[in-house]
Amino acid sequence: MVTKSKYSITVSASTAQIADVRDFVARHAAAYGFSDEDVHDIRLAVDEAYTNVIKHAYNFDASKKVKVKISTGNGKFTISLSDEGTAFDPASYEKPDVAERVMLRKRGGVGVYLIQKLMDDVEYRKDGKYNEILMSKKR
Amino acid sequence: MSSFTIQSRTSGSIHILELNGELDAHTASHLEDSLKSLIEEKQFNIVVNFSRLDYISSAGLGVFMAYIEDVRSLGGDIKLSNMSDKVYNVFDLLGFPTLYDILHTEEEAIVKFTI
């Protein structure tokens, strides 16, 4: 029998919420049986995705909301973040040249790359006004 | 909410920033303010001690990305020390060990300034 479970929270798109979002996801990842290292990877991937929503989808408008959902099943732990802001276009994304960015004193721009490195699968969906990023890790 | 503090001290002409807690998009501005203050005070030899830093996201790394070349062009450097494996792994994933001096101990970082 396959056991499936789902959990969700809806939070303001504010950096003040990042720690709570990280802790919510990390708690469930640990309960799902991931190693400390995997829990850390998941915690960081969610932080990066949530920070990108705050910055790029909502342009730091803390009145906006982000829904964070966790679903598990078939040995896979999936986190989804959905927003109603400006959509991210994965087709226009290029791997960052960190050395060049440092030379140009450009900060950031590495979150999407980190998420890809930390998780097994990353998918972006758009449904009407909703954007969703789904990040999965196998147990 | 993310908790983050910085303790500042000196060792001769070297400035040491000791980070405590979690460095993310919420707390990165605190580190940025500290680095800016040091640069304004013309303190360009800086060691950042990570021994009490539990967590870093790319927003935290971004602060170092934004300031290290400025400090180097002014004749100094920002050297990093005492990272936990988890924190080091984030720097490593992005290739930072080839761009920054990352040392095991604060003493090694301080000595590097004299070589």
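Every value quoted in this text rests on a predicted model; they were computed, and no experiment measured them.

What counts and what doesn't
Once a new chain begins, its residue numbering starts again from 1 and follows that chain's sequence as written. Each chain is given a letter, starting from A, and each ligand a number, starting from 1, according to the order in which they appear as written. Where totals are concerned, whole chains, interfaces and linings use all residues; where local detail is concerned, this predicted model gives features only for residues with pLDDT of at least 70, and gives and counts side-chain atom pairs only at 80 or more. Hydrogen atoms and water are omitted, and side-chain values are computed over all heavy atoms in the structure. The criterion for strand pairing is that DSSP finds at least two bridges linking the strands in question. What counts as a helix is a DSSP run of H or I of at least four residues, what counts as a strand is a run of E of at least two, and both are numbered from the N terminus. The contact definition used throughout considers only heavy atoms, calling two residues in contact when any of these lie within 4.5 Å. A fitted line through C-alpha atoms represents every axis, and for helices the fit uses only the stretch in contact; the resulting angles, taken between N-to-C directions, go from 0 to 180 degrees. Only Phe, Tyr and Trp rings take part, Trp by its six-membered ring, and two of them pair if their centres are within 6.5 Å. Stacked means planes under 30 degrees apart, edge-to-face means over 60, and tilted covers everything else. Buried, partly exposed and exposed residues are distinguished by accessible area as a fraction of the type maximum, computed with a 1.4 Å probe on protein chains only: under 20%, between the cut-offs, and over 50%, respectively. Think of a polar contact as two N or O atoms within 3.5 Å of one another; within protein, one of them needs to be a possible hydrogen donor and the other a possible acceptor, and neighboring residues in sequence only count if both atoms come from side chains. Here, a salt bridge means any Lys or Arg side-chain nitrogen found within 4 Å of an Asp or Glu carboxyl oxygen. To estimate how far a helix should extend, the number of its residues minus one is multiplied by 1.5 Å. Bend at a given residue is defined as the angle between two axes, one fitted to the seven residues that end at that position and one fitted to the seven that begin there. Joining two parts hides part of their accessible area as seen by a 1.4 Å probe, and the buried area is that hidden amount summed over both. When residues are grouped by polarity, Ala, Val, Leu, Ile, Met, Phe, Trp, Tyr, Cys and Pro land in nonpolar, Asp, Glu, Lys and Arg in charged, and all others, Gly among them, in polar. Any angle from 65 to 115 degrees is called roughly perpendicular, while one under 35 is roughly parallel, one over 145 is roughly antiparallel, and all others are oblique. The handedness criterion is simple: a crossing whose near helix is rotated anticlockwise from the far helix by less than a right angle is left-handed, and one whose near helix is rotated clockwise is right-handed.

This paragraph deals with the sheet that holds strand β4 (residues 77-81) of chain B. In any sheet, the strands associate via hydrogen bonds between backbone groups, in a parallel or an antiparallel arrangement. All names here are of chain B. Strand order in the open sheet formed by 5 strands is β1-β2-β3-β4-β5, and the pairing between neighbours is mixed. Taken across any chain shown, the strands that pair with only one partner, and hence form the sheet edges, are β1 (4-11) and β5 (102-103). Relative to strand β2 (residues 14-23), β1 runs antiparallel, the two sharing 8 bridges. Bridge assignment links threonine 10 to a residue of β2, and that residue is histidine 15. Along the sheet, helix α3 (residues 85-93) contacts β3 (45-56), β4 and β5; its crossing angle with β3, the most-contacted strand, is approximately 115°.

We now examine the packing of aromatic side chains. Residues and elements named next belong to chain B. Scanning the model with the defined rule gives 10 aromatic pairs over all chains in all. Relative to phenylalanine 91, the ring of phenylalanine 50 lies with its centre 5.7 Å away and its plane at 90°, an arrangement referred to as edge-to-face. With phenylalanine 50 in strand β3 and phenylalanine 91 in helix α3, this residue pair connects regions lying 41 residues apart in the sequence. Note on accessibility: phenylalanine 50 and phenylalanine 91 belong to one class, buried.

With respect to the helices, strands and loops of the structure, Thr15(A) is situated in the loop between β1 (5-12) and α1 (18-31). Its relative accessible area of 17% is what places Thr15(A) among the buried residues. A polar atom in the side chain of Thr15(A) sits 2.7 Å from the side chain of His26(B).

All names here are of chain A. Here we have 5 strands laid out as an open sheet, ordered β1-β2-β3-β5-β4, and antiparallel in their pairing. Each edge of the sheet is formed by a strand with only one pairing partner; in this case those strands are β1 and β4 (121-127). Averaged over all pairs of adjacent strands, the angle between strand axes in this sheet comes to 15°, irrespective of strand direction. Examined bridge by bridge, strand β3 (residues 76-83) and strand β5 (residues 130-138) share 8 bridges and lie antiparallel to one another. Bridge pairing in β5 places phenylalanine 77 opposite lysine 137. The sheet contacts of helix α2 (residues 36-57) involve β1, β2 (65-73), β3 and β5, and relative to β3 the element is tilted by about 15°.

Taken as a whole, this structure holds 19 salt bridges over all chains when the rule is applied. Between Asp41(A) and Lys137(A) there is a salt bridge, and its shortest N-O distance comes to 3.8 Å. Of this pair, Asp41(A) sits in helix α2 while Lys137(A) sits in strand β5, and the two are 96 residues apart along the sequence. Among the residues examined, Asp41(A) registers a relative accessible area of 12% and is labelled buried. Residue Asp70(B) is joined to Arg105(A) by a salt bridge in which the shortest nitrogen-to-oxygen separation is 2.5 Å. Here Arg105(A) lies in the loop between α3 (98-103) and α4 (111-118) and Asp70(B) lies in helix α2 (residues 58-73), a pairing that spans two chains. Beyond isolated ion pairs, a larger network of salt bridges with shared partners links Glu69(B), Arg72(B), Asp77(B), Lys79(B), Asp101(B) and Lys112(B).

Residue and element names in this part refer to chain B. Helix length check: α2 (16 residues) gives 23 Å between terminal C-alpha atoms against 22 Å at 1.5 Å per residue, within 8%. Along α2, the helix axis deviates most sharply at tyrosine 67, where the bend reaches about 35°. Burial within α2 is extensive, with 12 of its 16 residues counted as buried. Of all the residues in α2, the buried ones are Ser58, Gly60, Leu61, Gly62, Val63, Phe64, Met65, Ala66, Tyr67, Ile68, Glu69 and Val71. Glycine 75 lies just past α2 and shows a positive phi near 95°.

Let's shift gears to the interface of chain B and chain A. Listed as interface residues are 27 residues of chain B and, on the opposing side, 29 residues of chain A. A combined buried area of about 2,400 Å² lies between chain B and chain A, and 63% of that area is made up of carbon and sulfur atoms. In this assembly, chain B and chain A are joined by 4 salt bridges. Measuring nitrogen to oxygen at the nearest pair gives 2.7 Å for the salt bridge that ties Asp24(B) to Arg22(A). There are 8 residue pairs in polar contact (both at pLDDT 80 or more) connecting chain B and chain A. The element contributing the most residues to the side of chain B that touches chain A is α2(B), with 9 residues. A per-class count over the side of chain B that touches chain A returns 14 nonpolar, 7 polar and 6 charged.

What follows is about the packing of helix α1 (residues 28-40) of chain B against α2(B). Residues and elements named next belong to chain B. Interaxial distance between α1 and α2 falls to 9 Å at its minimum, and their mutual angle equals 15°. Our classification of the angle between α1 and α2 gives roughly parallel. By crossing handedness, the relation of α1 to α2 is classed as right-handed. Contacts from Ala28, Leu31, Glu32, Leu35, Lys36 and Ile39 in α1 reach Ala59, Gly60, Val63, Phe64, Tyr67 and Val71 in α2. For the contact of α1 with α2, the class distribution of residues is 9 nonpolar, 1 polar and 2 charged.

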